[in-house]
Amino acid sequence: MPELPEVETTRRGIAPHIEGQNITQVIVRQPKLRWPVPETLAQTLTGLNIQSVSRRAKYLLFSTASGTILLHLGMSGNLRIMSANQAAGKHDHIDFVFANGTILRFNDPRRFGAVLWTTEPPSEHQLLKDLGPEPLLADFNGELLYSLSRNRKTAVKLFIMDSHIVVGVGNIYANEALFMAGIRPTRQAGKISLARYQKLAECIRVVLQQAIQQGGTTLRDFVNEAGKPGYFQQQLRVYGRAGLACAGCNQLLTEIRIANRSTVFCGHCQQ
Ligand SMILES: [Zn+2]
């Protein structure tokens, strides 16, 4: 599933090819995505210029003078830059065709992705308005985690995966950040000190930034007729390593489930 680093890598991969370009045609082959693609999408978008490609949580935002395209990759979506006249494959649901002959093609086998249109400021949109801060921006920090967690009995892992608290900390990154911070995933959120939350906020930032840097090596794949860009191998310290040795102390890593999600930690290094 594309996580925040993959979405950010996708943004960096496609932005140079479509920013400043005029849309000449939108081809919707399959409107039944997570939510129906607006019937008037093609009509609305034709002739508009993409001013910028930004990201909020895992949504890509294509800004135009009259509104914003919201695009979510869902469970299995990917975007590719192609030259015109490339035949569409089975799961190529939407093409954005540009005046310079470029196509932005949305492919999504499982169809949990979304392509929506809004004329209101994106931050006011139903899907975005209640989201917590971006983990890579300055308004996310240990003080915020500390103040929002008081009296919360929930496990710290679930707390940092709650998008009302902070966006973009998926299961893999929650595991990795808690290991790096030395905090046991089951610890009650309300019982963790400010100093430890400051460390955790920094570790969340580091694991996401490292993943984005690793994704940077795949940027050229976005211009690839056959490739499946956007997903990349990452160097993980605990996730997927249950029963293997901890890199810090050599003790074997333990796996449990929290809210039915795989949770791997070191019983010695994480307290
Ligand atoms: Zn250890």
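As a reminder, the structure under discussion sits directly above these lines.
So, how was this worked out
Residues numbered from 1 in each chain as written. Predicted model: local features only at pLDDT ≥ 70, side-chain atom pairs only at ≥ 80, totals over all residues. Heavy atoms only, no water. Helix = DSSP H or I, 4+ residues; strand = E, 2+ residues; numbered from the N terminus. Rg over C-alpha atoms; globule rule 2.2 N^0.38 Å. Buried < 20%, exposed > 50% of the residue type's maximum accessible area, 1.4 Å probe, protein only. Donors = N, O, S within 2.8 Å, 3.2 Å for Na, K, Ca; no water. Tetrahedral: all angles 85-135°; square planar, octahedral: opposite > 155°, others 65-115°. Pairing = 2+ DSSP bridges. Axes fitted to C-alpha atoms, helices over the stretch in contact; angles between N-to-C directions. Contact = heavy atoms within 4.5 Å.

Caption draft 1: Region of interest: the overall build of the protein chain. Helix and strand content of the protein chain: six helices and ten strands. Here the C-alpha atoms of the protein chain give a radius of gyration of 20 Å, agreeing with the 18 Å that 2.2 N^0.38 yields for 271 residues. Over its C-alpha atoms, taken along the principal directions, the protein chain stretches across nearly 60 × 35 × 30 Å. Out of the 271 residues in the protein chain, the part that is buried amounts to 48%.

Caption draft 2: Spatial organisation of the coordination of the zinc ion. Distances from the zinc ion to its protein donors, Cys246 (SG), Cys249 (SG), Cys266 (SG) and Cys269 (SG), fall at 2.2 to 2.4 Å. Coordination at the zinc ion is tetrahedral: its four donor atoms span angles of 97 to 114° at the metal. For the zinc ion, the donor residues sit on a single chain with the sequence spacing C-x2-C-x16-C-x2-C. Placement of the pair is Cys246 in the loop between helix 6 (194-215) and strand 9 (254-258) and Cys266 in the segment after strand 10 (261-265), with a sequence separation of 20 residues. Take Cys266: its relative accessible area is 0%, and that puts it in the buried class.

Caption draft 3: Geometry of the sheet that holds strand 4 (residues 68-72). An order of 2-3-4-8 is seen for the four strands of this open sheet, with the pairing classed as antiparallel. Of all the strands in the sheet, the pair left with one neighbour each is strand 2 (52-56) and strand 8 (114-118). For this sheet, the mean inter-axis angle between neighbouring strands, taken without regard to orientation, is 25°. Relative to strand 8, strand 4 runs antiparallel, the two being bridged by five bridges. Residue pairing across strands places Thr68 opposite Thr118, the latter belonging to strand 8. Here helix 1 (residues 4-18) sits on the sheet in contact with strand 2 and strand 3 (59-63), set at roughly 170° to strand 2.

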